[in-house]
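Understanding the architecture of this molecule
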Amino acid sequence: MHKDMKLIGQQHSIDLAFLPIGDRFTMGIDDAVQAAEWINPKLVVPIHYNTFPFIVQDAEEFVIKLSEKGITGIPLHIGEKFSPK
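In short, a report on the structure.

What counts as what
- Residues numbered from 1 in each chain as written.
- Predicted model: local features only at pLDDT ≥ 70, side-chain atom pairs only at ≥ 80, totals over all residues.
- Heavy atoms only, no water.
- Salt bridge = Lys/Arg side-chain N within 4 Å of Asp/Glu carboxyl O.
- Helix = DSSP H or I, 4+ residues; strand = E, 2+ residues; numbered from the N terminus.
- Buried < 20%, exposed > 50% of the residue type's maximum accessible area, 1.4 Å probe, protein only.
- Phe/Tyr/Trp six-rings, centres within 6.5 Å; stacked < 30°, edge-to-face > 60°.
- Contact = heavy atoms within 4.5 Å.
- Pairing = 2+ DSSP bridges.
- Right-handed = clockwise from strand over helix to strand, strands pointing away.
- Core = buried A, V, L, I, M, F, W, Y, C linked by side-chain atoms within 4.5 Å.

What to know about the pattern of salt bridges
- Counted by the stated rule, this structure contains 4 salt bridges.
- Residue Lys-65 pairs with Asp-30 through a salt bridge whose shortest N-O separation is 2.7 Å. Taken as a pair, Lys-65 in helix H3 (residues 59–68) and Asp-30 in helix H2 (residues 29–39) lie far apart in primary sequence, 35 residues in all.
- Taking the relative accessible area as the measure of exposure, Lys-65 reaches 24% and is therefore partly exposed.

A short note on the packing of aromatic side chains
- One pass over the full model with this rule turns up 2 aromatic pairs.
- Here Phe-52 and Phe-54 contribute two aromatic rings whose centre-to-centre distance is 5.9 Å and whose plane-to-plane angle is 10 degrees, an arrangement assigned as stacked.
- Pairwise contacts between aromatic rings join Phe-25, Phe-52 and Phe-54 into one cluster.

Some details on H2
- Every buried residue of H2 is listed here: Ile-29, Ala-32, Val-33, Ala-35, Ala-36, Trp-38 and Ile-39.
- Considering only its buried residues, H2 is in contact with helix H1 (4–11), strand E1 (16–20), strand E2 (43–47) and H3.
- At the exit of H2 stands Asn-40, carrying a positive phi of roughly 50 degrees.

Description of the pairing of E2
- Burial runs high along E2: 4 of the 5 residues are buried.
- Pairing analysis gives 5 bridges linking E1 to E2, with the strands arranged parallel. Pairing of Leu-16 across the sheet is with Leu-43, part of E2.
- Note on the crossover from E1 through H2 to E2: the handedness is right-handed.

Things to note about the nonpolar core
- Counting residues in each nonpolar core, the largest one holds 19 residues, and the members touching the most others are Leu-19, Ile-21, Val-44, Phe-62 and Leu-66.
- Sorting the residues of this core by element identifies E1, H2 and H3 as the ones contributing at least two each.
- A total of 7 residues in this core trace back to one element, the largest contributor, which is H2.
- Once residues within four sequence positions are removed from consideration, Leu-66 is found in contact with Val-33, Ala-36, Val-44, Ile-71 and Gly-73.

Considering unusual backbone geometry
- Not every positive phi belongs to a glycine, and Asp-23 is a case in point at roughly 75 degrees.
- Within the secondary structure layout, Asp-23 lies in the loop between E1 and H2.
- By relative accessible area, Asp-23 is classed as partly exposed at 48%.
- The backbone of His-48 shows a phi angle near 55 degrees, a positive value even though the residue is not glycine.
- Within the secondary structure layout, His-48 lies in the loop between E2 and H3.
- Here His-48 falls in the exposed class, since its relative accessible area comes to 52%.

Taken by themselves, the reported measurements are silent on function.
In structure tokens:
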């Protein structure tokens, strides 16, 4: 996470953000929530988690923390397709 992300949110309207939550090599849940607040997207999809034992995260916890900030999140399951409206 870089504070420059705040500038992106201030200068652009973001519809969809894919944010990593794995926490070992990327942001963890709390940092990703902060990043989502800064970029202020309409929807966030968590990525880069639960593919190896050392990056297991609870995507539902992430979605709950996002919702507490007024941000919508949707975790996708492996192979699941999604089309934003």
